[in-house]
Amino acid sequence: MSSDFTFQQLRAFLAVADELNFRRAAERLHTTQPALSRQIKALEHTLRAPLFERGTRRVSLTAAGQAFLPEAGRLLSNLESARRAVGETVSGERGVIRFGYLEPAAYGLLPLVLPRFRARFPKIDLELHEMHSYESVRQLRRRAIEVALLRPPVDQDGLHLDIVYADRLVAALPEDHPLAGRTIALSELADESFVSYSTKQGAGVHAAALQACAAGGFSPTIAHLASSTPMLMSLVAAGQGVGLVPQPFTMAPRPGVRFAALTDPEARSFVALARRDDDDRATYRELRAIIEHHAP
């Protein structure tokens, strides 16, 4: 039966029920009294019951009207809730944002960013997915995620990237290395063999490491390429070479590995917030601002 009446009729009914006066209700709804009366009569016809007793001096609700009053209020409230939900979803203030992130961000950055974002957008769930930059680009294009923290260089076709911060690079050394635990210049490692990330799994850090070494006056000898950080750390701990890794990795114990801070200003790896070109929600700009505020 509810499908036979309109929300306009519900608004008319609620206005008259509140005012108990057709003229005042019509003024409140910015309509004419005859038009309002037609809306009420149409609603009564649909419900097959009179909703008001119309006297010469007063209007009152019938028993049917009193029964219908709370239901009409709930129906109209549900409509407004539905409208808000749709509007918030379209504007990006409600729903789920699938967020790809780099492993180092989990150590210091995300614990600061997530509560701030939740306070700003309580109706949005950030669904977190750890992945390397190559995978983030692939998942963005597949529309499996909406936004990602990744390290350039990547294929930017169809994507928009904003540089949001830079991770300092540190040297990962075997724990008995004479330079472990010190602050050094990268050139002090020029004669070492290096363990680096593979160009597919860690292209951003690999490229940053090569650039930093070049700025330090040497080209590193790459002895091994690792497909993951645990593999890289294992090779370093086994004495197979030294590595350059983002500084947040120093926050987690690595058996057999110690770190050395680098004085070289070029020893850094940039991190960008990426999204698709065709998806520029205000929510992403807010997320970028929060990340930039809390970033190193």
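Shown above is the structure to which this text applies.
Residues numbered from 1 in each chain as written. Predicted model: local features only at pLDDT ≥ 70, side-chain atom pairs only at ≥ 80, totals over all residues. Heavy atoms only, no water.

(A) Expanded view of the overall build of the protein chain. The helix and strand tally for the protein chain stands at 9 helices and 12 strands. Its C-alpha atoms give the protein chain a radius of gyration of 32 Å, more than 25% over the compact-globule value 19 Å for 296 residues. For the protein chain, the spread of C-alpha atoms along the principal axes amounts to about 105 × 35 × 30 Å. When contacts within the protein chain are restricted to residue pairs at least 6 apart in sequence, long-range pairs at least 24 apart make up 74% of them. Summed over its atoms, the accessible surface of the protein chain is roughly 15,200 Å², and 50% of this surface lies on carbon and sulfur atoms. (Helix = DSSP H or I, 4+ residues; strand = E, 2+ residues; numbered from the N terminus. Rg over C-alpha atoms; globule rule 2.2 N^0.38 Å. Contact = heavy atoms within 4.5 Å. Areas by Shrake-Rupley, 256 points an atom, 1.4 Å probe, with all protein chains shown as cover.)

(B) Molecular detail of helix 5 (residues 110-120). Among the residues of helix 5, L110, V113 and F117 are the ones counted as buried. The buried residues of helix 5 all sit within an arc of 65 degrees when viewed along its axis, so they share a single face. Elements that come into contact with the buried residues of helix 5 comprise strand 3 (95-101), strand 4 (124-130) and helix 9 (282-294). (Buried < 20%, exposed > 50% of the residue type's maximum accessible area, 1.4 Å probe, protein only. Arc of directions from axis to C-beta.)

(C) Helix 6 (residues 133-141), seen in detail. Buried residues of helix 6: S133, E135, S136, V137, Q139 and L140, and no others. Buried residues along helix 6 sit in contact with strand 5 (147-150), strand 6 (159-174) and strand 12 (268-276).

(D) Spatial organisation of the packing of aromatic side chains. Counted by the stated rule, this structure contains 6 aromatic pairs. Summarising the aromatic geometry, the rings of F13 and F52 are spaced 5.4 Å apart at their centres and angled 50 degrees between planes, so their arrangement reads as tilted. Of this pair, F13 sits in helix 1 (residues 7-19) while F52 sits in strand 1 (residues 52-54), and the two are 39 residues apart along the sequence. For the pair F13 and F52, a shared accessibility class is recorded, and that class is buried. Between Y107 and F249, the aromatic rings sit 5.8 Å apart at their centres with planes inclined by 75 degrees, giving edge-to-face as the arrangement. Taken as a pair, Y107 in the loop between strand 3 and helix 5 and F249 in the loop between strand 10 (243-246) and strand 11 (257-262) lie far apart in primary sequence, 142 residues in all. On the accessibility criterion, Y107 (26% relative accessible area) is partly exposed. A relative accessible area of 2% means that F249 is categorised as buried. Aromatic ring contacts, followed pair by pair, group F13, F22, F52 and F68 into a single cluster. (Phe/Tyr/Trp six-rings, centres within 6.5 Å; stacked < 30°, edge-to-face > 60°.)

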